Structure formats: C-alpha cells, structure tokens
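Overview (structure and organization)
Chain by chain, the residues run as shown.
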Amino acid sequence: MSLMTTLQWTLRKGFWNFVAKRKYQRNIPMVVDRPHRTPARLQLIPLVQVYPSIPISDIRIADHSLQDEGRAKQGMLRRLLTRLYPKFFPEELVLRVLAWLYTTTCGPMQPGRPEIPADPYVALDQAYTKGHRRTVIQTSAALNLDPKRTLKPPTLPPELEQFPDLGMLALRGPYAGYLKKVKGTRTQYEWDLRELSSYESYPDLYEPWAHVLFQFHEQDVTLKPCRIECQLGTIVPGDPEWPLASRIAVCAATTDTALIRHWTWTHLVGGELFAFATRTKLTDSHPLYRLLWPHLVGTQASNRLATLGQLVPGGDFEAVYSLTYKGLCHLISKSTATFRLGSFDPREDRHRRDIRGILPTPTLDNCKRLFRIMQAHAYRYFRLYYTDEAIRYDEQIQDWVGELDRLLPNGLGLPPVKLGCVALANVVAKLMYMECVHHEQVGTHCWNYQLWAHTHPVRVYRDNRRVPEDVYQRLVNTNYVLNIVRTPLLSDLTSLALEGERMEEAKRVFRVFTDRLRDLEHAMEREPWAPWKIYPAQLEVSINA
Ligand SMILES: [Fe+2]
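Residues numbered from 1 in each chain as written. Predicted model: local features only at pLDDT ≥ 70, side-chain atom pairs only at ≥ 80, totals over all residues.

The next point concerns unusual backbone geometry. For Asn 144, which is not glycine, the phi torsion reads 55 degrees and is therefore positive. Positionally, Asn 144 belongs in the loop between helix H6 (130–142) and helix H7 (166–169). The exposed category is assigned to Asn 144, around which 6 C-beta atoms lie within 10 Å. Notably, Asn 464 is not glycine yet its phi reads approximately 70 degrees, a positive angle. Its place among the elements puts Asn 464 in the loop between helix H18 (447–450) and helix H19 (469–482). (Helix = DSSP H or I, 4+ residues; strand = E, 2+ residues; numbered from the N terminus. Buried ≥ 20, exposed ≤ 12 C-beta atoms within 10 Å, placed from the backbone.)

The next point concerns the domain arrangement of the protein chain. Split by domain assignment, the protein chain resolves into domain 1 (3–154 + 258–538) and domain 2 (164–247). The C-alpha-based centres of domain 1 and domain 2 are spaced at 27 Å. Of all the secondary-structure elements, those providing two or more residues to the side of domain 1 that touches domain 2 are helix H12 (325–335), helix H13 (346–353), helix H14 (362–385) and helix H17 (421–442). Counting residues per element, the side of domain 1 that touches domain 2 draws most heavily on H12, which supplies four residues. (Domains from an automatic or database assignment.)

Here the focus is the pairing of strand E6 (residues 222–230). By the bridge criterion, seven bridges tie strand E5 (residues 210–217) to E6 in an arrangement that is antiparallel. Looking at the pairing, His 217 lines up with Thr 222 of E6. Adjacent in sequence and paired antiparallel, E5 and E6 are bridged by four residues, among which Val 221 carries a positive phi angle near 50 degrees. In textbook terms, the turn of a hairpin is the stretch between consecutive antiparallel strands, and for E6 and strand E7 (residues 233–235) this stretch comprises two residues. (Pairing = 2+ DSSP bridges.)

Next up on the list: the packing of helix H4 (residues 90–102) against helix H10 (residues 299–310). Packing of H4 against H10 brings their axes to within 9 Å, and their N-to-C directions diverge by 10 degrees. The angle between H4 and H10 places the two elements in the roughly parallel class. Handedness of the crossing formed by H4 with H10: left-handed. Counted together, Glu 91, Glu 92, Leu 95, Arg 96 and Ala 99 of H4 and Arg 304, Leu 305, Leu 308 and Gly 309 of H10 form the full contact between these two elements. For the contact of H4 with H10, the residue count by class is four nonpolar, one polar and four charged. (Axes fitted to C-alpha atoms, helices over the stretch in contact; angles between N-to-C directions. Parallel < 35°, antiparallel > 145°, perpendicular 65-115°, else oblique. Left-handed = near helix turned anticlockwise from the far one by under 90°. Contact = placed C-beta atoms within 7 Å. Nonpolar A, V, L, I, M, F, W, Y, C, P; charged D, E, K, R; others polar.)

The next subject is the environment of Asp 515. Position of Asp 515 among the secondary structure elements: in helix H20 (residues 503–525). For Asp 515, a count of 12 C-beta atoms within 10 Å puts it in the exposed group.

Now for the pairing of E5. Looking along a regular strand, one sees side chains alternate from face to face of the sheet. Because side chains alternate across E5, one face comprises the buried residues Ala 210, Val 212, Phe 214 and Phe 216, and the other comprises His 211, Leu 213, Gln 215 and His 217, none of which is buried. Pairing geometry for strand E4 (residues 188–193) and E5, over six bridges, is antiparallel. By the bridge assignment, Trp 191 is partnered in E5 with Val 212.

Here is the structure:
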C-alpha cells in the first residue's frame with residue numbers, strides 16, 4: 001500500500017470522523033413543553049420530488065420542514081431568511097452539501113482499504129476513536145446529562161462472543177421480533193427472511209437473506225437453530241458451512257431491521273404519517289394534540305436530515321449494507337406496504353407470531369411492560385376529557401382517526417365498532433410505543449450488536465475476508481450518530497396540560513405516567529444489567545434527532 005493511499009485515508013477518516021463528532025455534539029435535545037400551531041400549507045408529496053436522486057415514489061413525506069423543528073440558533077440572519085423564504089432550513093443546507101460530497105472523490109469511502117483487524121476490540125478501538133469517546137463525555141457534561149443516559153462504549157453480548165447464538169438472538173435484543181411458530185408444529189419456530197432475496201446485492205457479497213428453522217427443547221428450555229436455508233443451500237449443524245450460514249442469517253436479520261423495521265416502517269411511514277395527520281387534523285389547543293406533541297415534534301425535519309445522511313446515493317445504507325443502490329431503493333419502496341400498526345402492540349404481535357406458551361420471551365415481556373404503561377396513560381388521559389360518547393362527537397378526533405386510517409398502509413386495524421376511550425387509547429399507545437420503544441429496540445439498541453463484525457456481520461464477503469476498514473468506519477459513525485442525545489421520555493411533561501378547569505388533573509396524569517416509568521426503571525435496576533434490556537431511562541420521547 002502506497003504512502004499516498006495511507007495519507008489519503010488518514011485525511012478522509014479524519015474529516016468524516018470530524019463530521020460525525022460534530023453531528024453528535026451539535027444535536028441539542030428539543031424542548032417539547034409547548035405545542036406549536038402547524039401552518040395550513042403542509043402537504044405530502046412523493047419522496048422523489050423532494051430528492052430527485054432517490055427514485056422512490058411510493059413513500060410520501062411532508063413537502064417542507066417546519067420552523068418549530070429547527071435546532072439552529074434563531075439568529076438575525078435566520079429570522080430574516082425565514083421571513084423571506086418560510087421553507088428555509090439551514091441544517092438541511094449543510095446536509096445537502098455533505099450528501100453531495102458522498103458522491104465525489106472526497107466521500108467517506110476509499111476502495112482498496114485493508115480488512116479490519118481480526119481482534120474485534122482492536123477493530124473497534126481503531127474506528128471508535130478517543131475523539132469519538134471524548135465528544136460523548138464533553139456533550140454529556142455540556143447537557144448535564146444523567147450518567148445513565150451517557151453513551152457507553154459498545155458491550156459485547158454473550159450471544160455474539162465466539163459464534164452467533166441464533167437461538168438467543170431470536171429471543172432477546174433487536175431481532176426478537178422475527179421469530180414465529182411454524183404452523184402445525186408444537187415446538188418448531190422460524191425466521192423467514194427470504195423476501196430479502198428479491199433485491200439486487202453486490203456480486204462480491206452473499207445475498208442477505210435466510211430462512212432459519214429453530215427447535216425448542218423443553219427439558220433445558222433452549223431454542224436451537226436446526227437448519228439454515230440461504231445462498232449456500234440448505235445447511236444443518238455439523239456441516240462445514242454452518243458457521244458461515246449463521247453469519248449470513250445474522251446479516252439478513254440486521255439488514256431487515258435497519259432498512260425495513262427502523263428506517264422504512266418507523267421513520268418514513270409510521271413516524272412521518274403520524275406527525276402529518278396530527279399536525280394537520282388537530283389544533284394546538286386540542287387535548288389529543290397536547291398528549292401527542294412530544295412524540296411527533298421534529299419528525300419532518302429529522303426524517304429529511306437523516307434521508308440526506310443515509311438514503312441518498314453514496315449514503316450510509318448503500319455503503320454499509322449488502323444491497324446495491326437500485327436494490328436498496330426497491331426494497332424500501334416495496335416495504336412500505338408491509339407496515340402494520342398492530343405490530344407496535346407487543347400483545348398483538350405475540351399473537352400474530354403465535355409465540356405464546358412455554359417459550360421464554362424476555363424482550364417481548366420487557367416490551368409488554370412498557371406498552372402497558374403507555375396504554376394506561378393514554379386511557380387515563382382520555383377519561384379525563386371524554387366519555388365514549390363524547391369521543392364519537394369530537395370532530396377533530398374523528399378526522400384524525402380517519403386520516404390515519406386512510407394514510408397508514410393497512411390502516412389503523414380498528415375493529416368495526418364505534419370508537420371509544422379504550423380503542424383510542426390503544427391507537428395512541430401503539431403510536432407512542434412505535435416512537436419510544438420500538439425505535440429504541442431496532443435503532444439505537446444496535447450499538448451493542450452491529451459493531452461486533454466478527455460474529456455480527458452487516459455484509460458477508462464471498463471470499464471470506466472481513467469487512468474493509470472504510471465500511472466498518474462508516475458503520476461505526478452511522479451507529480454513533482444514531483445515538484445522539486435526544487429528549488428523554490422521562491421528562492417533565494406537565495406543562496403540556498391544557499389550560500382550563502382540568503389542567504391540574506391533566507398535570508397529575510402526566511406525572512403518574514413518568515412515575516410508572518420510574519417504578520419500572522427501579523425494578524429493572526434491581527436486576528443485572530444486560531445489553532438486550534430496554535430501560536425506561538434510556539427511552540427517548542420520539543424518533544427525532
Ligand atoms: Fe431512528
């Protein structure tokens with residue numbers, strides 16, 4: 001390797017690490033205590049109209065970012081530009097320049113870089129530099145952050161130490177939502193990730209798809225994989241290809257999680273449409289708007305900023321995962337239709353996948369406890385303002401429900417009964433859960449999983465080499481930026497209480513919500529910490545940056 005290419009890499013790595021650190025440092029959590037009125041002009045348009053370089057027209061996003069979602073200081077210049085051009089959003093301008101740089105010779109990738117070191121800790125230390133870590137500490141200090149919320153260096157989960165333990169990964173952590181019972185059997189389960197074979201991937205990589213058959217062993221209460229179908233063929237334990245097939249299965253799961261469950265379902269479909277319907281169908285003095293505001297503000301802006309970082313040509317998704325840009329856009333386009341709001345209710349999700357009974361389900365149990373707190377909170381809040389009858393005569397609520405049912409792929413999934421407090425609380429709890437819990441599970445939670453490339457590859461090379469250092473560096477930086485400091489769910493939300501005769505009671509409802517979350521936090525803290533656990537103190541109030 002020539003001195004020149006090494007020098008180029010040093011400069012390139014230094015610059016893009018600087019960009020990642022600045023993104024981490026400059027993201028000041030939003031203040032969510034005061035709802036803003038949304039201008040009437042907001043409308044949805046196809047993604048390709050906003051970003052002509054991204055050929056996706058099935059997804060519709062807001063036509064502009066809202067000024068109340070801005071993070072840049074409201075200086076004189078910004079105020080003036082905003083007055084002249086209401087859709088001006090300076091943060092987006094910077095990201096557009098960086099997105100353009102991705103496609104030039106100054107981009108973060110440098111073909112021909114060597115593989116990362118075989119020792120995963122050495123590989124991590126080279127990419128997650130002292131500078132990254134120092135930025136975390138400085139940002140935490142500047143924001144006076146609770147130490148529980150300060151980003152720790154990644155922890156290697158036991159299930160990824162030597163070899164990916166698919167049985168454990170299927171029950172706890174970011175991929176716990178894939179396991180389903182094989183129809184007609186009592187103890188057989190499966191991961192079915194074969195749909196990913198429909199999208200074009202890079203020729204030097206194994207295609208990121210797999211079907212894994214699991215057998216539950218009742219005596220020792222373990223779930224073990226017993227067959228993997230992937231591009232290698234049908235592989236069983238003991239075959240020489242078994243370790244490689246297991247890695248391909250993990251690659252398939254993480255590809256699906258990052259591109260479909262996190263990005264498409266949670267950001268571009270669920271988050272975007274929920275925020276749009278709420279902003280356009282409810283006024284800022286409506287009780288439901290007050291309840292939902294912290295979970296939606298920032299969505300339009302952060303989706304646009306993240307699109308510029310990840311989905312544009314040369315973005316993180318194309319650089320890190322196995323799909324070509326054409327395959328990536330095709331996948332995201334097609335995955336829109338598979339969004340189901342019901343999957344954000346862990347009880348419904350468990351039922352749909354038929355994993356009730358003897359199987360231990362630690363992550364699902366964890367999620368169920370969080371969902372119940374959200375559902376009870378929404379129900380208490382509605383009962384404060386409405387009877388079942390009053391909900392049916394509230395025009396704004398009816399419009400909001402109708403709009404969400406129309407916009408969301410597969411609708412709200414409501415039974416054909418008249419909407420009352422219980423049904424409305426369920427819808428709201430699913431939306432809150434999607435924003436706060438699901439987003440954590442499939443997004444920031446990958447920090448402790450994806451960076452261990454030896455057992456958890458985001459791409460698997462056909463010639464058996466490890467990922468090159470430019471791909472790994474990009475993976476580290478994208479996960480780092482996903483972990484920027486956001487507004488915690490455990491914030492004081494009482495100032496959102498609607499002024500009027502029920503204000504004190506509404507404040508009490510918000511306080512009870514945070515008290516219940518704190519109770520759960522304390523209960524969980526009495527048990528040993530584990531990377532797969534979702535703690536209330538870690539949760540953010542929304543998906544937004
Ligand atoms: Fe996210």
